[in-house]
Amino acid sequence: MKYTLTLLFSCLFASFSSFAQQRPIPLGEVLLYGDKNLKKYSNTQQVVTLTDSVIKRSGASLTDLLNTNTSIYFKENGAGMVSSPSFRGTTAQQTAVVWNGININSQLNGQTDFNTINPFVFDAVSVRSGGGSVLYGSSAIGGTIHLDNSLAFNSGFNNELRVNYGSFDAYGANFQTKYSNEKISTAVTLNRTGSDNDYDYPNSGSNLNGQFYNNSANANFALKLDPENTVRFYHYLFDGRRNFSLIIPTEVRTKYENTDTRSLVEWERKHKRFTSLAKVAFLTEEYRYFSNIYTENYSKGSVNTFVGKLDLGYDLGSQAQINAILSYNSNKGEGSSIPEERRNIAAASVLFKQTLGTKFIYELSGRKEVTSVYESPFLYSAGAQYQFSDFYGLSFNTSKNFRIPTFNDLYWENSGNADLKPETSYQAEVGNSFRIKDFTARVTGYYMDITDMIRWLPAG
(Lines give C-alpha, C1' and ligand atoms only; values in the text may rest on other atoms or scores of the structure.)
Protein backbone atom coordinates (compact mmCIF):
# COMPACT_ATOMS: atom_id res chain seq x y z
CA MET A 1 0.00 0.00 0.00
CA LYS A 2 1.42 3.32 -0.96
CA TYR A 3 1.31 6.27 1.43
CA THR A 4 1.72 9.67 -0.16
CA LEU A 5 2.13 12.93 1.70
CA THR A 6 1.22 15.98 -0.36
CA LEU A 7 2.07 19.49 0.70
CA LEU A 8 0.49 22.34 -1.22
CA PHE A 9 1.31 25.96 -0.47
CA SER A 10 -0.46 28.74 -2.38
CA CYS A 11 0.21 32.42 -1.87
CA LEU A 12 -1.82 35.12 -3.55
CA PHE A 13 -0.69 38.72 -3.19
CA ALA A 14 -3.41 41.24 -3.97
CA SER A 15 -3.00 44.92 -4.86
CA PHE A 16 -2.34 47.31 -1.97
CA SER A 17 -5.17 49.58 -3.19
CA SER A 18 -8.34 49.38 -1.10
CA PHE A 19 -11.92 49.29 -2.36
CA ALA A 20 -15.31 49.85 -0.79
CA GLN A 21 -17.42 46.75 -0.29
CA GLN A 22 -19.91 47.87 -2.93
CA ARG A 23 -17.27 48.10 -5.63
CA PRO A 24 -16.89 44.90 -7.72
CA ILE A 25 -13.45 43.26 -7.78
CA PRO A 26 -12.04 43.11 -11.34
CA LEU A 27 -10.91 39.67 -12.46
CA GLY A 28 -7.94 39.08 -14.72
CA GLU A 29 -8.63 38.10 -18.31
CA VAL A 30 -7.37 34.55 -18.92
CA LEU A 31 -6.87 33.57 -22.55
CA LEU A 32 -5.56 30.33 -24.02
CA TYR A 33 -3.29 31.39 -26.85
CA GLY A 34 -1.59 28.10 -27.63
CA ASP A 35 -3.91 27.02 -30.44
CA LYS A 36 -6.89 29.19 -31.32
CA ASN A 37 -7.86 27.05 -34.31
CA LEU A 38 -8.39 24.03 -32.06
CA LYS A 39 -11.75 25.34 -30.87
CA LYS A 40 -12.62 27.38 -33.96
CA TYR A 41 -12.32 24.53 -36.50
CA SER A 42 -13.20 21.45 -34.43
CA ASN A 43 -16.98 21.81 -34.19
CA THR A 44 -17.62 18.52 -36.02
CA GLN A 45 -15.12 16.48 -33.96
CA GLN A 46 -14.96 15.73 -30.27
CA VAL A 47 -12.62 17.86 -28.15
CA VAL A 48 -12.17 17.21 -24.42
CA THR A 49 -10.31 19.91 -22.46
CA LEU A 50 -8.81 19.25 -19.02
CA THR A 51 -8.29 22.50 -17.10
CA ASP A 52 -5.70 23.27 -14.42
CA SER A 53 -8.03 22.19 -11.60
CA VAL A 54 -8.17 18.67 -13.09
CA ILE A 55 -4.45 18.64 -13.93
CA LYS A 56 -3.45 19.43 -10.34
CA ARG A 57 -5.32 16.36 -9.08
CA SER A 58 -3.47 14.00 -11.43
CA GLY A 59 -0.18 12.15 -11.12
CA ALA A 60 3.16 13.55 -12.21
CA SER A 61 3.05 12.33 -15.82
CA LEU A 62 0.86 13.01 -18.82
CA THR A 63 0.12 9.27 -18.89
CA ASP A 64 -1.48 9.46 -15.43
CA LEU A 65 -3.62 12.44 -16.42
CA LEU A 66 -4.94 11.00 -19.68
CA ASN A 67 -5.37 7.45 -18.34
CA THR A 68 -7.86 8.64 -15.74
CA ASN A 69 -9.67 11.32 -17.75
CA THR A 70 -9.83 10.08 -21.37
CA SER A 71 -10.43 6.88 -23.32
CA ILE A 72 -6.87 6.72 -24.73
CA TYR A 73 -5.14 3.38 -24.15
CA PHE A 74 -1.47 3.43 -23.07
CA LYS A 75 1.20 0.77 -23.43
CA GLU A 76 3.39 1.48 -20.41
CA ASN A 77 6.42 -0.32 -19.01
CA GLY A 78 6.01 1.08 -15.49
CA ALA A 79 6.46 4.39 -13.69
CA GLY A 80 8.97 6.58 -15.48
CA MET A 81 9.48 4.07 -18.29
CA VAL A 82 8.36 4.29 -21.93
CA SER A 83 4.66 5.12 -22.39
CA SER A 84 2.99 5.01 -25.83
CA PRO A 85 -0.63 5.95 -26.64
CA SER A 86 -3.03 4.02 -28.83
CA PHE A 87 -5.80 6.30 -30.11
CA ARG A 88 -8.69 4.64 -31.95
CA GLY A 89 -6.52 1.58 -32.56
CA THR A 90 -3.64 3.52 -34.14
CA THR A 91 0.02 3.55 -33.11
CA ALA A 92 1.91 6.11 -31.02
CA GLN A 93 3.43 7.51 -34.23
CA GLN A 94 -0.10 8.23 -35.48
CA THR A 95 -0.97 10.46 -32.51
CA ALA A 96 0.29 14.04 -32.79
CA VAL A 97 1.28 16.05 -29.72
CA VAL A 98 0.84 19.81 -30.18
CA TRP A 99 2.56 22.32 -27.87
CA ASN A 100 1.02 25.81 -28.08
CA GLY A 101 0.07 25.15 -31.70
CA ILE A 102 3.37 23.46 -32.74
CA ASN A 103 3.64 19.73 -33.54
CA ILE A 104 6.39 18.33 -31.27
CA ASN A 105 6.46 14.62 -32.17
CA SER A 106 10.03 13.34 -32.36
CA GLN A 107 11.64 13.57 -35.78
CA LEU A 108 13.68 10.46 -34.89
CA ASN A 109 11.07 7.90 -33.83
CA GLY A 110 7.90 9.79 -34.77
CA GLN A 111 6.23 9.77 -31.36
CA THR A 112 6.14 11.43 -27.95
CA ASP A 113 6.88 9.54 -24.74
CA PHE A 114 4.04 10.59 -22.42
CA ASN A 115 6.02 9.69 -19.29
CA THR A 116 8.55 12.42 -20.12
CA ILE A 117 5.90 15.18 -19.99
CA ASN A 118 4.81 16.59 -16.65
CA PRO A 119 1.28 18.02 -16.93
CA PHE A 120 1.79 20.47 -14.03
CA VAL A 121 3.69 22.88 -16.31
CA PHE A 122 0.60 23.39 -18.52
CA ASP A 123 -2.64 25.23 -17.86
CA ALA A 124 -4.82 23.12 -20.14
CA VAL A 125 -4.54 19.74 -21.89
CA SER A 126 -6.98 18.99 -24.71
CA VAL A 127 -7.72 15.80 -26.62
CA ARG A 128 -9.08 16.04 -30.18
CA SER A 129 -10.39 12.78 -31.62
CA GLY A 130 -9.94 11.80 -35.26
CA GLY A 131 -7.85 13.07 -38.13
CA GLY A 132 -6.29 16.51 -38.03
CA SER A 133 -3.43 16.63 -40.55
CA VAL A 134 -4.83 19.70 -42.31
CA LEU A 135 -4.28 21.68 -39.12
CA TYR A 136 -1.39 19.84 -37.47
CA GLY A 137 0.50 18.01 -40.20
CA SER A 138 2.16 14.63 -39.92
CA SER A 139 0.98 12.00 -37.39
CA ALA A 140 -2.46 13.53 -36.73
CA ILE A 141 -4.30 10.35 -37.76
CA GLY A 142 -5.78 8.77 -34.62
CA GLY A 143 -6.06 12.07 -32.76
CA THR A 144 -4.11 14.98 -31.31
CA ILE A 145 -3.06 15.91 -27.76
CA HIS A 146 -2.73 19.64 -27.09
CA LEU A 147 -0.52 21.13 -24.37
CA ASP A 148 -1.32 24.80 -23.83
CA ASN A 149 -0.12 27.60 -21.56
CA SER A 150 -2.35 30.52 -20.61
CA LEU A 151 -1.32 34.08 -19.86
CA ALA A 152 -3.43 36.56 -17.88
CA PHE A 153 -3.29 40.33 -17.57
CA ASN A 154 -4.24 42.25 -14.42
CA SER A 155 -4.02 39.18 -12.17
CA GLY A 156 -1.35 40.33 -9.72
CA PHE A 157 1.22 38.06 -8.09
CA ASN A 158 0.68 34.35 -7.38
CA ASN A 159 2.94 31.55 -6.11
CA GLU A 160 2.26 27.85 -5.68
CA LEU A 161 4.44 25.04 -4.32
CA ARG A 162 3.49 21.36 -4.53
CA VAL A 163 5.56 18.59 -2.91
CA ASN A 164 4.85 14.86 -2.66
CA TYR A 165 6.68 11.80 -1.40
CA GLY A 166 5.76 8.11 -1.42
CA SER A 167 6.89 4.52 -1.44
CA PHE A 168 10.04 3.39 -3.27
CA ASP A 169 11.51 6.88 -2.72
CA ALA A 170 9.06 8.34 -5.22
CA TYR A 171 9.11 12.13 -4.98
CA GLY A 172 7.97 15.21 -6.81
CA ALA A 173 8.34 18.97 -6.42
CA ASN A 174 6.60 21.62 -8.51
CA PHE A 175 6.91 25.40 -8.09
CA GLN A 176 4.98 27.97 -10.10
CA THR A 177 5.09 31.75 -9.96
CA LYS A 178 2.98 34.20 -11.97
CA TYR A 179 2.83 37.97 -12.20
CA SER A 180 0.86 40.28 -14.47
CA ASN A 181 -0.37 43.85 -14.78
CA GLU A 182 -2.07 45.76 -17.61
CA LYS A 183 0.87 45.43 -20.02
CA ILE A 184 2.93 42.35 -19.12
CA SER A 185 2.30 38.80 -17.99
CA THR A 186 4.89 36.25 -16.81
CA ALA A 187 4.66 32.63 -15.68
CA VAL A 188 7.52 30.32 -14.61
CA THR A 189 7.14 26.68 -13.56
CA LEU A 190 9.91 24.39 -12.27
CA ASN A 191 9.48 20.66 -11.70
CA ARG A 192 11.45 17.59 -10.62
CA THR A 193 10.15 14.03 -10.38
CA GLY A 194 11.93 10.77 -9.63
CA SER A 195 11.89 7.38 -7.94
CA ASP A 196 14.14 4.44 -7.04
CA ASN A 197 11.33 2.29 -8.46
CA ASP A 198 12.57 -0.78 -6.52
CA TYR A 199 9.20 -2.37 -5.85
CA ASP A 200 8.90 -6.09 -5.09
CA TYR A 201 7.77 -8.75 -7.53
CA PRO A 202 5.49 -11.47 -6.11
CA ASN A 203 7.77 -14.35 -4.98
CA SER A 204 10.63 -13.27 -7.28
CA GLY A 205 12.72 -10.46 -5.80
CA SER A 206 12.46 -6.77 -6.66
CA ASN A 207 12.60 -4.47 -9.68
CA LEU A 208 16.29 -3.89 -10.42
CA ASN A 209 17.78 -0.92 -12.28
CA GLY A 210 14.45 0.91 -12.46
CA GLN A 211 15.59 4.34 -11.20
CA PHE A 212 14.52 7.46 -13.04
CA TYR A 213 14.32 11.22 -12.67
CA ASN A 214 13.31 14.13 -14.87
CA ASN A 215 13.53 17.91 -14.60
CA SER A 216 11.45 20.42 -16.53
CA ALA A 217 11.20 24.19 -16.67
CA ASN A 218 8.56 26.27 -18.41
CA ALA A 219 8.84 30.06 -18.83
CA ASN A 220 6.23 32.20 -20.59
CA PHE A 221 6.04 35.95 -21.17
CA ALA A 222 3.50 38.25 -22.86
CA LEU A 223 3.72 41.94 -23.69
CA LYS A 224 0.66 43.92 -24.78
CA LEU A 225 2.06 46.57 -27.10
CA ASP A 226 -1.32 48.23 -27.64
CA PRO A 227 -4.98 47.11 -27.87
CA GLU A 228 -4.30 45.52 -31.28
CA ASN A 229 -0.83 43.97 -30.87
CA THR A 230 0.48 41.38 -28.40
CA VAL A 231 3.84 39.56 -28.38
CA ARG A 232 4.34 36.29 -26.49
CA PHE A 233 7.32 34.07 -25.72
CA TYR A 234 7.19 30.42 -24.60
CA HIS A 235 10.15 28.28 -23.55
CA TYR A 236 10.23 24.67 -22.34
CA LEU A 237 13.22 22.63 -21.16
CA PHE A 238 13.25 18.92 -20.28
CA ASP A 239 16.15 16.86 -18.96
CA GLY A 240 15.70 13.26 -17.89
CA ARG A 241 17.38 9.95 -17.17
CA ARG A 242 15.88 6.50 -16.87
CA ASN A 243 17.44 3.11 -16.26
CA PHE A 244 15.82 0.14 -17.98
CA SER A 245 14.60 -2.57 -15.61
CA LEU A 246 16.28 -5.96 -15.77
CA ILE A 247 14.40 -9.08 -16.84
CA ILE A 248 16.92 -11.28 -15.01
CA PRO A 249 19.41 -10.09 -12.35
CA THR A 250 22.47 -11.06 -14.42
CA GLU A 251 21.63 -8.76 -17.33
CA VAL A 252 23.88 -5.80 -18.13
CA ARG A 253 22.42 -2.57 -16.71
CA THR A 254 21.51 0.12 -19.24
CA LYS A 255 20.29 3.72 -19.13
CA TYR A 256 18.84 6.40 -21.41
CA GLU A 257 19.31 10.16 -21.15
CA ASN A 258 17.45 12.76 -23.18
CA THR A 259 17.24 16.53 -23.35
CA ASP A 260 14.55 18.49 -25.20
CA THR A 261 14.16 22.25 -25.62
CA ARG A 262 11.36 24.25 -27.23
CA SER A 263 11.28 27.99 -27.82
CA LEU A 264 8.42 29.87 -29.46
CA VAL A 265 7.83 33.55 -30.21
CA GLU A 266 4.49 34.74 -31.57
CA TRP A 267 3.04 38.08 -32.56
CA GLU A 268 -0.71 38.53 -32.75
CA ARG A 269 -2.42 41.50 -34.36
CA LYS A 270 -6.17 42.17 -34.33
CA HIS A 271 -7.66 44.90 -36.50
CA LYS A 272 -11.42 45.04 -36.98
CA ARG A 273 -12.31 41.82 -38.83
CA PHE A 274 -8.71 40.86 -39.58
CA THR A 275 -6.42 38.77 -37.35
CA SER A 276 -2.84 37.72 -37.98
CA LEU A 277 -0.72 35.37 -35.88
CA ALA A 278 2.95 34.86 -36.72
CA LYS A 279 4.95 32.10 -34.99
CA VAL A 280 8.66 31.30 -35.03
CA ALA A 281 9.84 28.23 -33.11
CA PHE A 282 13.12 26.38 -32.57
CA LEU A 283 13.02 22.82 -31.17
CA THR A 284 15.84 20.47 -30.22
CA GLU A 285 15.82 16.81 -29.20
CA GLU A 286 18.84 14.77 -28.16
CA TYR A 287 19.32 11.33 -26.60
CA ARG A 288 22.18 9.19 -25.36
CA TYR A 289 21.81 5.42 -24.79
CA PHE A 290 24.32 3.60 -22.59
CA SER A 291 24.36 -0.14 -23.23
CA ASN A 292 26.37 -0.48 -20.00
CA ILE A 293 25.91 2.16 -17.30
CA TYR A 294 29.37 1.49 -15.93
CA THR A 295 31.11 2.68 -19.11
CA GLU A 296 31.21 6.01 -20.92
CA ASN A 297 30.38 4.46 -24.30
CA TYR A 298 27.01 5.40 -25.74
CA SER A 299 25.03 5.78 -28.95
CA LYS A 300 23.31 9.09 -29.66
CA GLY A 301 20.97 10.97 -31.93
CA SER A 302 19.75 14.56 -32.26
CA VAL A 303 17.51 16.74 -34.41
CA ASN A 304 17.21 20.53 -34.60
CA THR A 305 13.93 21.87 -35.98
CA PHE A 306 13.00 25.35 -37.15
CA VAL A 307 9.32 26.22 -37.61
CA GLY A 308 7.86 29.35 -39.19
CA LYS A 309 4.09 29.79 -39.33
CA LEU A 310 1.76 32.60 -40.45
CA ASP A 311 -1.97 32.37 -39.75
CA LEU A 312 -4.19 35.00 -41.39
CA GLY A 313 -7.86 35.10 -40.36
CA TYR A 314 -10.76 37.16 -41.63
CA ASP A 315 -14.34 37.45 -40.40
CA LEU A 316 -16.49 37.42 -43.55
CA GLY A 317 -19.68 38.36 -41.74
CA SER A 318 -22.89 36.31 -41.79
CA GLN A 319 -21.20 34.10 -39.17
CA ALA A 320 -18.52 32.96 -41.64
CA GLN A 321 -14.77 32.81 -41.01
CA ILE A 322 -11.79 31.97 -43.19
CA ASN A 323 -8.13 31.31 -42.32
CA ALA A 324 -5.09 30.89 -44.53
CA ILE A 325 -2.02 29.25 -42.95
CA LEU A 326 1.49 29.22 -44.42
CA SER A 327 4.18 27.17 -42.69
CA TYR A 328 7.80 26.14 -43.17
CA ASN A 329 9.67 23.39 -41.31
CA SER A 330 13.38 22.66 -41.51
CA ASN A 331 14.91 19.60 -39.78
CA LYS A 332 18.56 18.68 -39.38
CA GLY A 333 19.29 15.29 -37.82
CA GLU A 334 22.30 13.11 -37.15
CA GLY A 335 23.38 10.30 -34.83
CA SER A 336 25.40 7.16 -34.26
CA SER A 337 23.15 5.11 -36.59
CA ILE A 338 21.97 7.82 -39.02
CA PRO A 339 24.07 10.13 -41.23
CA GLU A 340 23.63 13.89 -41.15
CA GLU A 341 20.46 14.64 -43.10
CA ARG A 342 18.27 17.68 -43.73
CA ARG A 343 14.59 17.95 -44.57
CA ASN A 344 12.69 21.09 -45.64
CA ILE A 345 8.89 21.20 -45.89
CA ALA A 346 6.62 24.07 -46.93
CA ALA A 347 2.84 23.88 -46.55
CA ALA A 348 -0.26 25.95 -47.25
CA SER A 349 -3.71 25.44 -45.69
CA VAL A 350 -7.09 27.09 -46.13
CA LEU A 351 -9.82 26.74 -43.46
CA PHE A 352 -13.45 27.86 -43.73
CA LYS A 353 -16.37 27.72 -41.29
CA GLN A 354 -19.91 29.06 -41.42
CA THR A 355 -22.82 28.97 -38.98
CA LEU A 356 -26.28 29.05 -40.51
CA GLY A 357 -28.91 30.15 -38.05
CA THR A 358 -28.47 28.78 -34.55
CA LYS A 359 -28.42 25.05 -35.31
CA PHE A 360 -26.24 24.26 -38.35
CA ILE A 361 -22.44 24.57 -38.75
CA TYR A 362 -20.24 23.32 -41.58
CA GLU A 363 -16.45 23.32 -42.04
CA LEU A 364 -14.19 22.86 -45.08
CA SER A 365 -10.38 22.81 -45.17
CA GLY A 366 -7.47 21.71 -47.36
CA ARG A 367 -3.67 21.46 -47.12
CA LYS A 368 -0.81 20.86 -49.55
CA GLU A 369 2.87 20.37 -48.73
CA VAL A 370 5.93 20.77 -50.93
CA THR A 371 9.17 18.88 -50.23
CA SER A 372 11.88 17.02 -52.14
CA VAL A 373 11.92 14.10 -49.65
CA TYR A 374 8.57 12.49 -50.55
CA GLU A 375 5.50 13.01 -52.72
CA SER A 376 3.00 14.87 -50.56
CA PRO A 377 -0.71 14.11 -50.99
CA PHE A 378 -3.44 16.76 -50.96
CA LEU A 379 -5.14 16.65 -47.55
CA TYR A 380 -8.69 17.72 -46.81
CA SER A 381 -11.32 17.78 -44.10
CA ALA A 382 -15.06 18.42 -44.30
CA GLY A 383 -17.70 18.29 -41.61
CA ALA A 384 -21.15 19.43 -40.56
CA GLN A 385 -23.11 19.62 -37.32
CA TYR A 386 -26.84 20.06 -36.73
CA GLN A 387 -28.40 20.63 -33.32
CA PHE A 388 -31.89 19.15 -33.58
CA SER A 389 -32.83 20.16 -30.03
CA ASP A 390 -31.31 20.95 -26.64
CA PHE A 391 -31.27 17.18 -26.09
CA TYR A 392 -29.77 15.83 -29.35
CA GLY A 393 -27.16 16.88 -31.89
CA LEU A 394 -25.68 15.09 -34.92
CA SER A 395 -22.27 15.66 -36.53
CA PHE A 396 -20.36 14.22 -39.49
CA ASN A 397 -16.70 14.54 -40.50
CA THR A 398 -14.51 13.07 -43.21
CA SER A 399 -10.81 13.69 -43.82
CA LYS A 400 -7.62 12.58 -45.51
CA ASN A 401 -4.54 12.51 -43.28
CA PHE A 402 -0.95 11.33 -43.41
CA ARG A 403 2.28 10.54 -41.54
CA ILE A 404 5.70 11.17 -43.05
CA PRO A 405 8.61 8.74 -42.51
CA THR A 406 10.91 9.67 -39.63
CA PHE A 407 14.69 10.03 -39.75
CA ASN A 408 14.99 6.52 -38.26
CA ASP A 409 12.55 5.11 -40.85
CA LEU A 410 14.53 6.62 -43.71
CA TYR A 411 18.16 6.55 -42.66
CA TRP A 412 18.76 4.07 -39.80
CA GLU A 413 21.96 2.17 -40.53
CA ASN A 414 21.33 -1.15 -42.35
CA SER A 415 17.56 -0.92 -41.68
CA GLY A 416 16.20 2.41 -42.99
CA ASN A 417 14.59 2.79 -46.39
CA ALA A 418 15.06 6.14 -48.12
CA ASP A 419 12.30 5.29 -50.63
CA LEU A 420 9.47 5.02 -48.10
CA LYS A 421 6.21 6.75 -48.94
CA PRO A 422 4.11 8.66 -46.39
CA GLU A 423 1.31 6.78 -44.69
CA THR A 424 -2.10 7.90 -46.00
CA SER A 425 -5.36 7.62 -44.07
CA TYR A 426 -8.97 8.11 -45.17
CA GLN A 427 -11.44 8.61 -42.34
CA ALA A 428 -15.13 9.20 -41.71
CA GLU A 429 -17.05 9.52 -38.46
CA VAL A 430 -20.58 10.19 -37.24
CA GLY A 431 -21.12 11.66 -33.76
CA ASN A 432 -24.31 11.63 -31.70
CA SER A 433 -24.39 13.95 -28.69
CA PHE A 434 -26.99 13.93 -25.92
CA ARG A 435 -27.53 16.45 -23.14
CA ILE A 436 -29.87 16.57 -20.16
CA LYS A 437 -29.17 19.59 -17.95
CA ASP A 438 -25.56 19.12 -16.74
CA PHE A 439 -25.24 15.55 -18.05
CA THR A 440 -23.73 15.03 -21.51
CA ALA A 441 -22.92 11.88 -23.50
CA ARG A 442 -21.47 11.30 -26.97
CA VAL A 443 -21.54 8.16 -29.11
CA THR A 444 -19.26 8.15 -32.17
CA GLY A 445 -18.91 5.64 -34.96
CA TYR A 446 -15.83 5.92 -37.17
CA TYR A 447 -14.15 4.28 -40.16
CA MET A 448 -10.42 4.45 -40.92
CA ASP A 449 -8.37 3.07 -43.80
CA ILE A 450 -4.56 3.41 -43.76
CA THR A 451 -2.31 2.62 -46.73
CA ASP A 452 1.50 2.41 -46.93
CA MET A 453 1.64 1.93 -43.15
CA ILE A 454 5.23 1.86 -41.86
CA ARG A 455 6.04 -0.95 -39.42
CA TRP A 456 9.25 -2.09 -37.75
CA LEU A 457 9.41 -5.86 -37.27
CA PRO A 458 12.04 -7.89 -35.37
CA ALA A 459 14.50 -9.76 -37.60
CA GLY A 460 15.43 -13.40 -37.10
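Draft legend 1. Seen up close, helix α3 (residues 62–69). Of all the positions in α3, only L62, T63, L65 and L66 are classed as buried. With its buried residues spanning 165° around the axis, α3 presents them on a single face. Those residues of α3 that are buried lie in contact with β3 (47–51), α2 (52–55), β4 (73–76), β5 (83–86), β8 (124–129) and β9 (143–148).

Draft legend 2. Broad picture of the sheet that holds strand β7 (residues 102–103). Here we have five strands laid out as an open sheet, ordered β3-β8-β9-β6-β7, and mixed in their pairing. With partners counted over all chains shown, the strands left at the sheet margins are β3 and β7, one partner each. Relative to β9, β8 is paired through six bridges, and the arrangement is antiparallel. Paired with A124 across the strands is D148, a residue of β9. Packed on one face of the sheet, α3 meets β3, β8 and β9 and runs near 55° to β8.

Draft legend 3. Representation of the nonpolar core in the model. Grouped together as the largest cluster of nonpolar side chains are 33 residues, with contacts concentrated most on L62, L66, W99, V125, I145 and L147. Secondary structure elements with two or more residues in this core: α2, α3, β6 (95–99), β8, β9, β10 (150–153), β15 (229–244) and β17 (274–290). Filtering out sequence-adjacent residues up to four positions away, L147 remains in contact with L62, V97, V98, W99, N100, I104, I117, F122, A124 and V125. Listed in part, the 15 residues of the second largest apolar core include V134, I345, L351 and L379.

Draft legend 4. Here's a closer look at the side chain of S349. Within the secondary structure, S349 sits in strand β20 (residues 341–356). What makes S349 buried here is its relative accessible area of 5%. There is a polar contact of 3.3 Å between the side chain of S349 and the backbone oxygen of V134. If we skip the residues at most four places from it in the chain, S349 touches V134, N323, A324, I325, G366 and R367.

Draft legend 5. Just the pattern of salt bridges, in detail. One pass over the structure, following the stated rule, counts 14 salt bridges. We note a salt bridge from D409 to R403, for which the minimum N-O separation is 3.7 Å. Residue D409 is classed as buried on the basis of its relative accessible area of 6%. Judged by relative accessible area, R403 falls into the buried class, the value being 3%. What you see here is one network of salt bridges that share partners, running through R232, E266, E268 and K279.

Draft legend 6. The arrangement of the environment of V252 in detail. Turning to its location among the elements, V252 is positioned in the loop between β15 and β16 (254–271). In this structure the C-alpha to C-alpha distance between V252 and N209, which are 43 residues apart in sequence, comes to 9.8 Å. Setting aside residues no more than four positions away along its own chain, V252 makes contact with L246, S291 and N292.

Draft legend 7. Layout of the confidence of the model for the chain. Averaged over every residue, the pLDDT of the chain is 88; the share at 70 or more is 92%. This stretch, residues 1–33, has a pLDDT under 50; its non-local contacts, to residues over four places away or in other chains, come to 54 contacts.

Draft legend 8. Quick look at the packing of aromatic side chains. Enumeration according to the criterion identifies 17 aromatic pairs in this entry. Ring geometry for F244 against Y256: centres 6.3 Å apart, planes inclined by 55°, an arrangement best described as tilted. Of this pair, F244 sits in strand β15 while Y256 sits in strand β16, placing them twelve residues apart in sequence. Since its relative accessible area comes to 25%, F244 is described here as partly exposed. Judged by its relative accessible area of 23%, Y256 is partly exposed. Ring geometry for F244 versus Y289: centroids 6.3 Å apart, planes at 45°, classification tilted. Of this pair, F244 sits in strand β15 while Y289 is found in strand β17, placing the two residues 45 residues apart along the sequence. Overall, Y289 belongs to the partly exposed group, its relative accessible area being 29%.

About the thresholds
Residues numbered from 1 in each chain as written. Predicted model: local features only at pLDDT ≥ 70, side-chain atom pairs only at ≥ 80, totals over all residues. Heavy atoms only, no water. Buried < 20%, exposed > 50% of the residue type's maximum accessible area, 1.4 Å probe, protein only. Helix = DSSP H or I, 4+ residues; strand = E, 2+ residues; numbered from the N terminus. Arc of directions from axis to C-beta. Contact = heavy atoms within 4.5 Å. Pairing = 2+ DSSP bridges. Axes fitted to C-alpha atoms, helices over the stretch in contact; angles between N-to-C directions. Core = buried A, V, L, I, M, F, W, Y, C linked by side-chain atoms within 4.5 Å. Polar contact = N/O pair within 3.5 Å; in protein donor to acceptor, adjacent residues only side chain to side chain. Salt bridge = Lys/Arg side-chain N within 4 Å of Asp/Glu carboxyl O. pLDDT = per-residue confidence, 0-100. Phe/Tyr/Trp six-rings, centres within 6.5 Å; stacked < 30°, edge-to-face > 60°.

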